[in-house]
Amino acid sequence: MADGDSFNEMNSRRRKAQFFLGTTNKRAKTVVLHIDGLDDTSRRNLCEEALLKIKGVISFTFQMAVQRCVVRIRSDLKAEALASAIASTKVMKAQQVVKSESGEEMLVPFQDTPVEVEQNTELPDYLPEDESPTKEQDKAVSRVGSHPEGGASWLSTAANFLSRSFYW
C-alpha cells in the first residue's frame, strides 16, 4: 500500500511541475540560454534589441549574475534562431542550457551556421513613461457616486447602514 501512495505522490508532483514549467502549452516553449559576453547593461541592451527583432519571441528575462536569458518563444521557432540573432551582435555567443537525466545542467553549443529568421520589421513605439495627467481635485477624499450639491446626508447614510446591518 505504501508503494501505491508514493507512486500517486510522484504523479501529483510531476503534474504540478509540468503546470509551473508550462510544458503543457502546445503553442509556446521556454528556452534557457547561457550567453557568453553578457556582463554589463550595454551588452544586455544589445541582446534585448536582437531578441526583439525575432518574430515569435514572446518574452524574455535576464539573469545577469549567471549570464543567462530565459526566453519564451512560439513552438514553431527554433532555439537556433535565438542563437543566430545573439551571434549577429558580434560580441556575444549563446549556448542552450539543458538538464540531463540525472538533473544536472549541461551547456549545448549551437552550430555556427546562421539560421534564417523572420524579422519583426514594424515594432510599435513604446508608450511614454511619464504619467498621464490627472484631473486635480480640491478635496483629498471624495465619495463615489454622490452629488456634490448635498445629496444624501451623513445621518441618512448612517441610518441606512444600521437598517441593513441588523435584522429587525
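Residues numbered from 1 in each chain as written. Predicted model: local features only at pLDDT ≥ 70, side-chain atom pairs only at ≥ 80, totals over all residues. Heavy atoms only, no water.

(A) The arrangement of the pairing of strand S4 (residues 93-99) in detail. The pairing of strand S1 (residues 28-36) with S4 spans 4 bridges and is antiparallel. When the sheet's bridge partners are listed, Ile35 is paired in S4 with Ala94. Where S4 and strand S5 (residues 105-109) come together, 5 bridges link them in antiparallel fashion. Bridging across to S5, Gln96 finds its partner in Val108. Hairpin connection between S4 and S5: a loop of 5 residues separates the two successive antiparallel strands, and Gly103 in this loop has a positive phi of roughly 95°. (Pairing = 2+ DSSP bridges. Helix = DSSP H or I, 4+ residues; strand = E, 2+ residues; numbered from the N terminus.)

(B) Examining the packing of aromatic side chains more closely. Per the counting criterion, the structure on display carries 1 aromatic pair. Where Phe60 meets Phe62, the ring centres are 5.7 Å apart and the plane angle is 75°; that geometry is what we call edge-to-face. (Phe/Tyr/Trp six-rings, centres within 6.5 Å; stacked < 30°, edge-to-face > 60°.)

(C) Geometry of the sheet that holds strand S2 (residues 57-63). Read across the sheet, 5 strands follow the order S2-S3-S1-S4-S5 without closing on themselves; strand pairing throughout is antiparallel. Lying at the two open borders of the sheet, with one neighbouring strand each, are S2 and S5. Averaged over all neighbouring strand pairs, the angle between strand axes comes to 35°, with direction disregarded. This element, helix H2 (residues 41-52), spans S1, S2 and strand S3 (68-74) of the sheet and lies at about 165° to S2. (Axes fitted to C-alpha atoms, helices over the stretch in contact; angles between N-to-C directions. Contact = heavy atoms within 4.5 Å.)

(D) Looking closely at a nonpolar patch on the surface. On the surface, a nonpolar cluster with roughly 330 Å² of combined accessible area is contributed by Phe161, Leu162 and Phe166. On the basis of relative accessible area, Phe166 is assigned to the partly exposed category, the value being 47%. (Patch = residues over 30% accessible without salt bridge, like charges linked within 9 Å, V, L, I, M, F, W, Y side chains within 5 Å. Areas by Shrake-Rupley, 256 points an atom, 1.4 Å probe, with all protein chains shown as cover. Salt bridge = Lys/Arg side-chain N within 4 Å of Asp/Glu carboxyl O. Buried < 20%, exposed > 50% of the residue type's maximum accessible area, 1.4 Å probe, protein only.)

Interpretation note: all reported values are geometric properties and have no functional meaning in isolation.
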